[in-house]
2 protein chains.
Amino acid sequence: MTNFIGEYKAKVDDKGRLVFPAAFKAICGEQIKQGFVVKKTLFVNCLEMYTYESWEKESEAVRSRLNLFNRDDERFWRAYTSNRTFVVPDEKLGRISIPKSLLESVGIEKEAVFCGRDFKIEIWAKDSLESTTLSDEEYVALAEKTLG
Amino acid sequence: MTNFIGEYKAKVDDKGRLVFPAAFKAICGEQIKQGFVVKKTLFVNCLEMYTYESWEKESEAVRSRLNLFNRDDERFWRAYTSNRTFVVPDEKLGRISIPKSLLESVGIEKEAVFCGRDFKIEIWAKDSLESTTLSDEEYVALAEKTLG
DNA sequence: TCAATTTTTTACATTTTTTTACAAAAATTT
DNA sequence: AAATTTTTGTAAAAAAATGTAAAAAATTGA
């Protein structure tokens, strides 16, 4: 299993493409050719990126818990499968091109940050990442509350 | 298995045809020649499109849950198999032509959107898709209620 | 610290896809 | 059967996506 670790800045070019960090490319190996699924994160304002393989697992697990003849489940499935895109980094440079609508929805304009979160990668607008990051004290308090 | 991911706009030409997005064409591969089943979606105002293969599976699964010697089941089966059409994208451009009655029934006139929902594709009138899309807050609430 | 390598960025060229307009064929009507 | 309508197919223009090359920046190793 692929574990993404570390944070890397990237600029968005005039066509809305950004280069997938070389360090992550190395972690992926051949998997990179199968591409990635990029979608909006549930609770916070950023994108998340899964290898196709790990996304398939996650998505099938969700689907198996739903009954699509149930109105609410059906509604949820629609929302869950919205605002996604499938990307394959290009051969030479490893660039991915994410639809403007998705980038805009999380406020990415010029500068983005790829954040490794082990099983997935988050893509943040540089500014909002900085303003969302917990202070040391907040993190300590949350850790004690959650696992302490 | 084919997983449709992403959203693509398409215009309806003066003859009521619309081009199947190239990205989905790529996912389908040879399957595209077997065509698709298009029908009205159950709970909301859009069409849904299945590869012939996945349609066959879905439809058999539904059928197996019914007893056609039961009056209500028999009625349901009739409704379930109504308002469907079979389409094959044309060779050169990958256009499909959906009967006016079906397009009208979900308000598609000029602009449509193909939405990948993994095992199926939804086709929306651009306007009604926008007005149906959940806000972030609604989605989060629904997610917590459904899977939280 | 400096040179070499790798990665990232920028600019531009090429290809593919989408759209529009029109032509041919088939079916329907008169 | 001729004419109209409807359907299906072709071609070219416009737009979008993808690919290439080279410059700039950053990283690595001597």
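Residues numbered from 1 in each chain as written. Chains lettered and ligands numbered in written order. Predicted model: local features only at pLDDT ≥ 70, side-chain atom pairs only at ≥ 80, totals over all residues. Heavy atoms only, no water.

The topology assignment puts B:Thr2 in the segment before strand 1 (7–11). With near-sequence residues (within four places) excluded, B:Thr2 lies in contact with B:Ile27, B:Cys28, B:Gln31, B:Thr51, B:Asp118 and B:Phe119. (Helix = DSSP H or I, 4+ residues; strand = E, 2+ residues; numbered from the N terminus. Contact = heavy atoms within 4.5 Å.)

So, on to the protein's contact with DNA strand D. Close to DNA strand D lie 13 residues, the nearest being A:Arg17, A:Arg95, B:Lys15, B:Arg17 and B:Arg95. Here the atoms of DNA strand D within 4 Å of the protein split so that 15% fall in sugar or phosphate, with bases taking the remainder. At a separation of 2.7 Å, a base oxygen of DNA strand D approaches a polar side-chain atom of A:Arg17. At a separation of 3.3 Å, a base oxygen of DNA strand D approaches a polar side-chain atom of B:Arg95. Secondary-structure elements contributing two or more residues to the surface near DNA strand D are strand 6 (95–97) of chain A together with strand 6 (95–97) of chain B. Across the surface near DNA strand D, the residue classes break down as two nonpolar, two polar and nine charged. (Near = heavy atom within 4 Å. Polar contact = N/O pair within 3.5 Å; in protein donor to acceptor, adjacent residues only side chain to side chain. Nonpolar A, V, L, I, M, F, W, Y, C, P; charged D, E, K, R; others polar.)

The next thing to look at is the side chain of A:Lys39. If you trace the backbone, A:Lys39 turns up in strand 3 (residues 36–40). Of the side chains with opposite charge, A:Glu48 lies nearest to the buried A:Lys39, which makes no salt bridge, at 4.8 Å. Within the structure, the side chain of A:Lys39 is placed 3.5 Å from the backbone oxygen of A:Tyr80, a separation counted as a polar contact. Setting aside its immediate chain neighbours within four residues, A:Lys39 contacts A:Cys46, A:Leu47, A:Glu48, A:Tyr80, A:Asn83, A:Arg84 and B:Tyr139. (Buried < 20%, exposed > 50% of the residue type's maximum accessible area, 1.4 Å probe, protein only. Lys, Arg positive; Asp, Glu negative; His and termini not counted. Salt bridge = Lys/Arg side-chain N within 4 Å of Asp/Glu carboxyl O.)

Contacts between the two partners involve 32 residues from chain A, matched on the other side by 28 residues from chain B. Summing the contributions of chain A and of chain B, the shared interface buries around 2700 Å²; its carbon and sulfur component is 60%. When the buried area of chain A at its contact with chain B is split by residue, A:Phe69, A:Phe76 and A:Arg78 rank highest and sum to 23% of it. With a closest N to O distance of 2.6 Å, A:Asp72 and B:Lys145 form a salt bridge. Our enumeration of links across chain A and chain B arrives at 13 residue pairs in polar contact (both at pLDDT 80 or more). (Buried area = accessible area lost by both parts, 1.4 Å probe.)

With respect to spatial proximity, 15 residues lie near DNA strand C, and among them A:Lys11, A:Lys15, A:Ala22, A:Leu93 and B:Ala22 are the closest. Each atom of DNA strand C within 4 Å of the protein was classed as base or backbone; sugar and phosphate made up 64%. At a separation of 3.4 Å, a base nitrogen of DNA strand C approaches a polar side-chain atom of A:Lys15. Within the contact set of DNA strand C, a phosphate oxygen lies 3.3 Å away from a backbone nitrogen or oxygen of B:Ala22. Looking at the surface near DNA strand C, the elements with two or more residues in it are strand 1 (7–11) and strand 2 (17–19) of chain A.

Right, let's get into the environment of A:Leu66. Here A:Leu66 lies in the loop between helix 2 (52–64) and helix 3 (71–80). The spacing of A:Leu66 and A:Phe76 is 10 residues in sequence and 8.9 Å in space, taken between C-alpha atoms. Discounting chain neighbours no more than four positions away, the residues touching A:Leu66 are A:Asp73, A:Phe76, A:Trp77, B:Thr146 and B:Leu147.

For these two chains of identical sequence, chain A goes onto chain B by a turn of 26° and a shift of 8.1 Å along the axis, with RMSD 0.5 Å. In this assembly the copies use different faces: only 12% of the residues contributing to the interface of chain A also contribute to that of chain B. (Least-squares fit on C-alpha atoms with pLDDT ≥ 70 in both.)

The subject of this paragraph is the pattern of salt bridges. Side-chain pairs of opposite charge can arise where the charged atoms are in close proximity. The tally for this structure, following the rule as stated, stands at 24 salt bridges over all chains. Here A:Asp14 ties to A:Lys15 by a salt bridge, and the two come within 3.7 Å at their closest N and O atoms. Grouping residues by exposure puts A:Asp14 and A:Lys15 together as exposed. The network of salt bridges with common partners includes A:Glu74, A:Arg78, B:Arg117 and B:Glu122.

All names here are of chain B. Two elements in contact, helix 2 (residues 52–64) and helix 3 (residues 71–80), have axes whose closest approach is 11 Å; the angle formed by their N-to-C orientations is 165°. By the angle between their axes, helix 2 is roughly antiparallel relative to helix 3. Note that helix 2 runs across helix 3; the crossing there is right-handed. The segment helix 2 lies against helix 3, with Trp55, Glu58, Ser59, Val62 and Arg63 engaging Phe76, Trp77 and Tyr80. Grouping the amino acids of the contact of helix 2 with helix 3 by side-chain chemistry returns five nonpolar, one polar and two charged. (Axes fitted to C-alpha atoms, helices over the stretch in contact; angles between N-to-C directions. Parallel < 35°, antiparallel > 145°, perpendicular 65-115°, else oblique. Left-handed = near helix turned anticlockwise from the far one by under 90°.)

Bringing the layout of surface pockets into the picture now. The space that makes up the largest pocket amounts to roughly 1000 Å³. Along its surface, the largest pocket is lined by 36 residues, and A:Ser82, A:Asn83, B:Glu7, B:Leu129 and B:Thr133 are the ones closest to its centre. Every element with two or more residues in the lining of the largest pocket is listed here: strand 3, helix 3, strand 5 (84–87) and helix 4 (100–105) of chain A together with strand 1, strand 7 (111–117), helix 5 (126–132) and helix 6 (136–147) of chain B. Grouping the amino acids of the lining of the largest pocket by side-chain chemistry returns 14 nonpolar, 11 polar and 11 charged. (1 Å grid on protein atoms, 1.4 Å probe; cavity = no way out; pocket = protein on both sides within 12 Å on 5 of 7 lines; lining within 4 Å. Points joined across faces, edges and corners; volume = space filled by probe spheres on them.)

So, to be careful, I would describe these as geometric facts and stop short of saying anything about function.
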